[in-house]
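Topology and contacts: notes
So you can see what is in the structure, the chains are spelled out below.
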Amino acid sequence: MTSPPTASPGRFPAGSAAFPHRHLLGIAGLQPWEIEFILSEAEQWVALNRSGATKRDDRLRGLTIINAFFENSTRTLLSFEIAGKRLGADVVNMHVAQSSTKKGETLIDTAMTLNAMRADAIVIRHGSSGAVDLISQKVDCPVLNAGDGTHEHPTQALLDALTIRRRKGRIDGLVVTICGDILHSRVARSNMISLTTLGAQVRVVAPPALMPEGIASFGVEAFNNFDAALPGSDVVMMLRLQNERMQGDFIPSPREFFHLYGLDSRRLALAKPDALVMHPGPMNRGVEIASHIADDLERSAITEQVEMGVAVRMACLDILTRRARGVEGWS
Amino acid sequence: MTSPPTASPGRFPAGSAAFPHRHLLGIAGLQPWEIEFILSEAEQWVALNRSGATKRDDRLRGLTIINAFFENSTRTLLSFEIAGKRLGADVVNMHVAQSSTKKGETLIDTAMTLNAMRADAIVIRHGSSGAVDLISQKVDCPVLNAGDGTHEHPTQALLDALTIRRRKGRIDGLVVTICGDILHSRVARSNMISLTTLGAQVRVVAPPALMPEGIASFGVEAFNNFDAALPGSDVVMMLRLQNERMQGDFIPSPREFFHLYGLDSRRLALAKPDALVMHPGPMNRGVEIASHIADDLERSAITEQVEMGVAVRMACLDILTRRARGVEGWS
Amino acid sequence: MTSPPTASPGRFPAGSAAFPHRHLLGIAGLQPWEIEFILSEAEQWVALNRSGATKRDDRLRGLTIINAFFENSTRTLLSFEIAGKRLGADVVNMHVAQSSTKKGETLIDTAMTLNAMRADAIVIRHGSSGAVDLISQKVDCPVLNAGDGTHEHPTQALLDALTIRRRKGRIDGLVVTICGDILHSRVARSNMISLTTLGAQVRVVAPPALMPEGIASFGVEAFNNFDAALPGSDVVMMLRLQNERMQGDFIPSPREFFHLYGLDSRRLALAKPDALVMHPGPMNRGVEIASHIADDLERSAITEQVEMGVAVRMACLDILTRRARGVEGWS
């Protein structure tokens, strides 16, 4: 679970190593070198995206990518759409509001429809855990999970890993503290698997009602007290508190939540002096995180996470379509 | 009405025959050779779409196609969007939710707005029969009807004809049985016209309340009893039952509907042994059709219909824009 | 305020004059030559868009344009989307319904997210006056205001100016009468500034409740009586009456409004014999304007306004991205 990565950045030149998975359904099941390979591939896209006004590579020209989003999303959909277009693909979005699921079509029928249109990659966000996996079994092309229920959000974990690797130079051996609604968060789940796989020591912090049972099986340390978890942390990753949890059973009030589990200056001072602050966005300022910490570009990597998101998604779309594109060494 | 097609596939090489219509508003009014011409043209797009990852032809590069959908649709919108993009066009979607019709703009004003933006083709779905025809009279570019009220859905009939022709080798002389809500179905209407024009013998099956008066004028045979219509059928085409008909006046219940008008194994056995099963989708499994029949790839052409949809729409967009593009022999 | 333009069309060849503004937030603050420069640049795009089926220029290839629309819009969004695509850019739309603002994200965080995705231009429509200005201060790329609250809608004023200049040969010295809800109209506001800057004499007409205080500071003449304003008018520009004003406090009824402030034949006869009729659309026929006047192509420039909209937006997107694209003389 916490085995060190078997590969360092740059060890897998583009096009030479064959990523052995057809889909990207989750981080679970990926080998350390596979995660590292995606991160290394993403570096070229960070460079392209920063290279000036023209950000275009045509390797996916003539490919059809369908973004099928059964849940609303701004960031993730935009990020995937931009990623596909910068690689030259024909990108089409299918929003939930237009979905035939409203007309009673089964998920499988939707999948078979997208497949019959000869999609070359399907990116799916769905409110039900496992829905993306189910679709992947019915189609001929790669499926990328853009978040399914409380299960996984693998590209989020990959962009977080890339952000950490670039800021800290490594992931192996770091102490990463993740705080928030661990129970319902697919971001937390994918990150726990990713970061432990890459050799980090992961601590998770949540109120008792938002801490999953059996959390120890992820190879992480669980805390109910945020202050107790922070000492020695290289990275403090705050989770978004979903609005629907903000009232009622799980937490008393946003104000109370911030008091107990929000990141403020006093708490951040408990972590390492150069601890990196992360948040997957969109933030509830003053609930999960104090505004001045979010805006402190020395400490906060929050906008960098968004930037890495486009690069990581370009890497995933490129890698997963190599076999179909007949890239040498990938057939 | 049932005259045999005057042309066989391949008889009209691309670019040599001039399709004489400016718009595609319906199947009504098309000559058999015109329908056959579109189907023959579509074959090259079936081949391109199956040719591998790269599916791109740039003949519509620099053309603007506007998909103006005043009714929700997943499949048809996606299919037209993909078709336009694979031909290299700039495709923009106008969804009903954004439409100025909410602001009280008349349909004509919307049409003139799209026209003033110098669209090269406008694809329209609208809830009112005749709305597409009205728009076509006000614009300078080809208009393609993507479904208008209970009137016509010509590209659906074309993709159905292409599917049948590929599976059965011909349409002329086949017995095609169409079952469901014949009264309200634009799919049924366009198919009745298309299939009889191409020389098929068409039977339509519906409960009395869902059978239009004067159906005989379409040159089809009408049945209220599904079992009585099936013997000798080469094709069994099931229609989608709209949710809004499922309660109240028209049918007693979905369960009862399936009992009387659903396609199950016993009924399918009444048709020819190699009878083809079709459905325009999205299906209500267990209402119009038993799941195991829908999923039997030997008998069911349902996903193939979706595939043919993209090819047929590519053909229509190509053909209807030839005049404006100055293709030799088309000006 | 009413200084004559210091430049005539064609005096600023493309690429040679450097437009000194980073954003297009409003007409306020633009010099006469800057407005004239945009109009002159737009002429090439009018020509391209009319040149035939192929309407494509690749100067924005590889650039990412994000249309972030926090208010619904058909025309303006379509117009910007088509403009960007005809220039070869990768265009992505962010609709309000998908927006994270529903999730409680601040506007600034949304801006920083779009910026982190390395947008090359962001087009924003927002219901709050000043929101676009706020976003422009937080991003590295040009921001184009596509309408913010009751503040400005600069591309509308530019397309109106281009339409007038093409129909009348000049703007300087013309009498332009603008009638409708002056108080809430960003179209009126941007046009008052634009037209007075270009040397026109502007009259504004509104019921007392819909006339802003301090209107004289715009350098325009204010009227409550439409008939009194019309004599001598070269241009009569009708504003759209928002549905939400049509009942209650501001106007008694649509019928009454038309009686007092609608444009009919009798009123139009009070203006100059060749007076041009304009409306930003979508029109409420019979409320602001009589149908037969809107449809009189000799007098009405309403569809031409739509056409000029695409050209002006192409010009703005081209001009504002020149610096980042390293166009000679613009760095």
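These figures come from a predicted structure and were not determined experimentally. (Residues numbered from 1 in each chain as written. Chains lettered and ligands numbered in written order. Predicted model: local features only at pLDDT ≥ 70, side-chain atom pairs only at ≥ 80, totals over all residues. Heavy atoms only, no water.)

We now examine the overall build of chain A. Across its full length, chain A holds twelve helices and nine strands. A globule of 331 residues ought to have a C-alpha radius of gyration of about 20 Å, and chain A, at 19 Å, matches this closely. Overall, chain A is about 55 × 50 × 40 Å in size when its C-alpha atoms are taken along their principal axes. The contacts in chain A between residues at least 6 apart in sequence include a share of 74% that link residues at least 24 apart. Just so you have it, chain A exposes about 11,100 Å², and 51% of that area is on carbon and sulfur atoms. (Helix = DSSP H or I, 4+ residues; strand = E, 2+ residues; numbered from the N terminus. Rg over C-alpha atoms; globule rule 2.2 N^0.38 Å. Contact = heavy atoms within 4.5 Å. Areas by Shrake-Rupley, 256 points an atom, 1.4 Å probe, with all protein chains shown as cover.)

As a further point, take the UniProt feature "binding site: carbamoyl phosphate" (unreviewed entry) in chain A. Residue and element names in this part refer to chain A. UniProt feature "binding site: carbamoyl phosphate" (unreviewed entry): in the numbering of this structure it lies at Arg-75, Thr-76, Arg-125, His-153, Gln-156, Gly-281 and Pro-282. Mapped onto the elements of the fold, Arg-75 is located in helix H2 (residues 75–86). Tracing the chain through its elements places Pro-282 in the loop between strand S9 (276–278) and helix H10 (291–294). On the accessibility criterion, Pro-282 (4% relative accessible area) is buried. (UniProt positions renumbered as here; feature names shortened; annotations may be inferred. Buried < 20%, exposed > 50% of the residue type's maximum accessible area, 1.4 Å probe, protein only.)

So, about the interface of chain A and chain B. Taken residue by residue, the interface counts 30 residues in chain A and 30 residues in chain B. Buried surface at the junction of chain A and chain B, summed over both partners, amounts to about 2,600 Å²; 52% is from carbon and sulfur atoms. Here chain A is connected to chain B by five salt bridges. At the boundary of chain A and chain B, one finds twelve residue pairs in polar contact (both at pLDDT 80 or more). Every element with two or more residues in the side of chain A that touches chain B is listed here: strand S1 (64–69), strand S2 (90–95), helix H3 (107–116) and helix H12 (322–325) of chain A. Partitioned by chemical class, the residues of the side of chain A that touches chain B number twelve nonpolar, nine polar and nine charged. (Buried area = accessible area lost by both parts, 1.4 Å probe. Salt bridge = Lys/Arg side-chain N within 4 Å of Asp/Glu carboxyl O. Polar contact = N/O pair within 3.5 Å; in protein donor to acceptor, adjacent residues only side chain to side chain. Nonpolar A, V, L, I, M, F, W, Y, C, P; charged D, E, K, R; others polar.)

Our next topic: the relation of the copies chain A and chain B. Here chain A sits on chain B after a turn of 120° about the axis and a move of 0.0 Å along it, with an RMSD of 0.0 Å. The transformation relating the two chain copies, once decomposed into turn and shift, fits a three-fold axis. (Least-squares fit on C-alpha atoms with pLDDT ≥ 70 in both.)

What follows is about the sheet that holds strand S9 (residues 276–278) of chain C. Strands pair in a sheet through their backbones, by hydrogen bonds, and they do so in one of two ways: parallel or antiparallel. Residues and elements named next belong to chain C. Read from one edge of the open sheet, five strands run S7-S6-S5-S8-S9, paired in parallel fashion. Looking at strand neighbours, the two that pair on one side only are strand S7 (221–223) and S9, the edges of this open sheet. If you compare each strand with its neighbour and ignore which way they point, the axes differ by 20° on average. As defined by bridge partners, strand S8 (residues 235–238) adjoins S9 across three bridges and the pair is classed as parallel. Directly across from Val-236, in S9, lies its bridge partner Val-277. (Pairing = 2+ DSSP bridges. Axes fitted to C-alpha atoms, helices over the stretch in contact; angles between N-to-C directions.)

All names here are of chain A. Of the two faces of strand S8 (residues 235–238), the one holding Val-235 and Met-237 and the one holding Val-236 and Met-238 are both buried throughout. As judged from the four bridges shared by strand S5 (residues 175–179) and S8, these two strands associate in the parallel manner. Within S8, the residue paired with Cys-179 across the bridge is Met-238.

Of the consecutive residues A:Gly281 and A:Pro282, the connecting peptide bond is found in the cis state with omega at -15°. Of note, C:Arg118 is a non-glycine position whose phi angle comes to about 65°, a positive value. With respect to the element layout, C:Arg118 can be found in the loop between helix H3 (107–116) and strand S3 (121–126). According to the relative accessible area criterion, C:Arg118 is partly exposed, its value standing at 30%.

Here we come to H3(A). Most of H3(A) sits inside the fold, with eight of its ten residues counted as buried. Every buried residue belonging to H3(A) is among A:Leu107, A:Asp109, A:Thr110, A:Ala111, A:Thr113, A:Leu114, A:Asn115 and A:Ala116, and all of these are buried. Elements that come into contact with the buried residues of H3(A) comprise S1, S2, strand S3 (121–126) and helix H4 (131–136) of chain A together with helix H2 (75–86) and helix H11 (302–320) of chain B. Just past H3(A), the residue A:Arg118 takes up positive phi, approximately 65°.

A separate point is the pattern of salt bridges. Residues and elements named next belong to chain A. Considering all chains together, one arrives at 72 salt bridges over all chains under this definition. In this structure, Asp-318 engages Arg-59 in a salt bridge whose closest nitrogen and oxygen atoms are separated by 3.0 Å. Of this pair, Asp-318 sits in helix H11 (residues 302–320) while Arg-59 sits in the loop between helix H1 (32–49) and S1, and the two are 259 residues apart along the sequence. Of the residues examined, Arg-59 reaches a relative accessible area of 29% and is grouped as partly exposed. Asp-227 is the partner of Arg-267 in a salt bridge, and the nearest nitrogen-oxygen pair spans 2.6 Å. Remark: Asp-227 occurs in helix H7 (residues 226–229) and Arg-267 occurs in helix H9 (residues 265–268); sequence separation between them is 40 residues. Under the relative-accessibility criterion, Asp-227 is labelled partly exposed at 24%. Where salt bridges share partners, they join Glu-41, Asp-57, Arg-59, Asp-318, Arg-322 and Arg-325 into one cluster.

The next point concerns the packing of aromatic side chains. Remark: the centre distance and the inter-plane angle together describe each pair of aromatic rings, the angle taken between the planes. Overall, the coordinates contain nine aromatic pairs over all chains when judged by the stated rule. Between the aromatic rings of A:Trp33 and A:Phe37, the centroid separation amounts to 6.4 Å while the plane-to-plane angle is 55°, which identifies the pairing as tilted. Of this pair, A:Trp33 and A:Phe37 both sit in helix H1, four residues apart, which is roughly one turn of the helix. Here C:Phe257 and C:Tyr261 contribute two aromatic rings whose centre-to-centre distance is 5.7 Å and whose plane-to-plane angle is 35°, an arrangement assigned as tilted. (Phe/Tyr/Trp six-rings, centres within 6.5 Å; stacked < 30°, edge-to-face > 60°.)

All right, on to the interface of chain A and chain C then. Listed per partner, the contact involves 30 residues of chain A and 30 residues of chain C. When the two sides are added together, the surface that chain A and chain C hide from each other amounts to roughly 2,600 Å², 51% of it contributed by carbon and sulfur. Sorting the residues of chain A by area buried against chain C places A:Ala53, A:Thr74 and A:Leu78 first, and these three jointly supply 20% of that buried surface. For the interface between chain A and chain C, the tally reads five salt bridges. For C:Arg118, the salt bridge goes to A:Glu307, with nearest N and O atoms at 3.1 Å. At the junction of chain A and chain C, the tally comes to eleven residue pairs in polar contact (both at pLDDT 80 or more). Contributions of two or more residues to the side of chain A that touches chain C are made by H2 and H11 of chain A. Broken down by element, the side of chain A that touches chain C gets its largest block of residues, eight residues, from H2(A).

For A:Asp120, the position within the fold is in the loop between H3 and S3. A distance of 2.5 Å separates polar atoms of two side chains, one belonging to A:Asp120 and the other to B:Lys55.

With that out of the way, let us pick up the packing of helix H5 (residues 154–168) of chain B against helix H6 (residues 186–197) of chain B. All names here are of chain B. Following both chains from N to C, one finds H5 and H6 inclined at 50°, their axes separated by 8 Å at the closest point. Judged by the angle between their axes, H5 and H6 are oblique. As H5 packs across H6, the resulting crossing turns out to be right-handed. Note on element contacts: H6 touches H5 through Val-187, Ser-190, Asn-191, Ser-194 and Leu-195, opposite Pro-154, Gln-156, Ala-157, Asp-160, Ala-161 and Ile-164. Looking at side-chain class alone, the contact of H5 with H6 contains six nonpolar, four polar and one charged residues. (Parallel < 35°, antiparallel > 145°, perpendicular 65-115°, else oblique. Left-handed = near helix turned anticlockwise from the far one by under 90°.)

Residue and element names in this part refer to chain C. As a packed pair, helix H1 (residues 32–49) and helix H11 (residues 302–320) sit with axes 8 Å apart at the nearest point and diverge in direction by 120°. Relative to H11, the element H1 is oriented oblique. Between H1 and H11 lies a crossing whose hand is right-handed. Taking contact as the criterion, the partners of Phe-37, Ile-38, Glu-41, Ala-42, Trp-45, Val-46, Leu-48 and Asn-49 in H1 are, on H11, Glu-307, Met-308, Val-310, Ala-311, Val-312, Met-314, Ala-315, Cys-316, Asp-318 and Ile-319. Split into classes, the residues belonging to the contact of H1 with H11 amount to 14 nonpolar, one polar and three charged.

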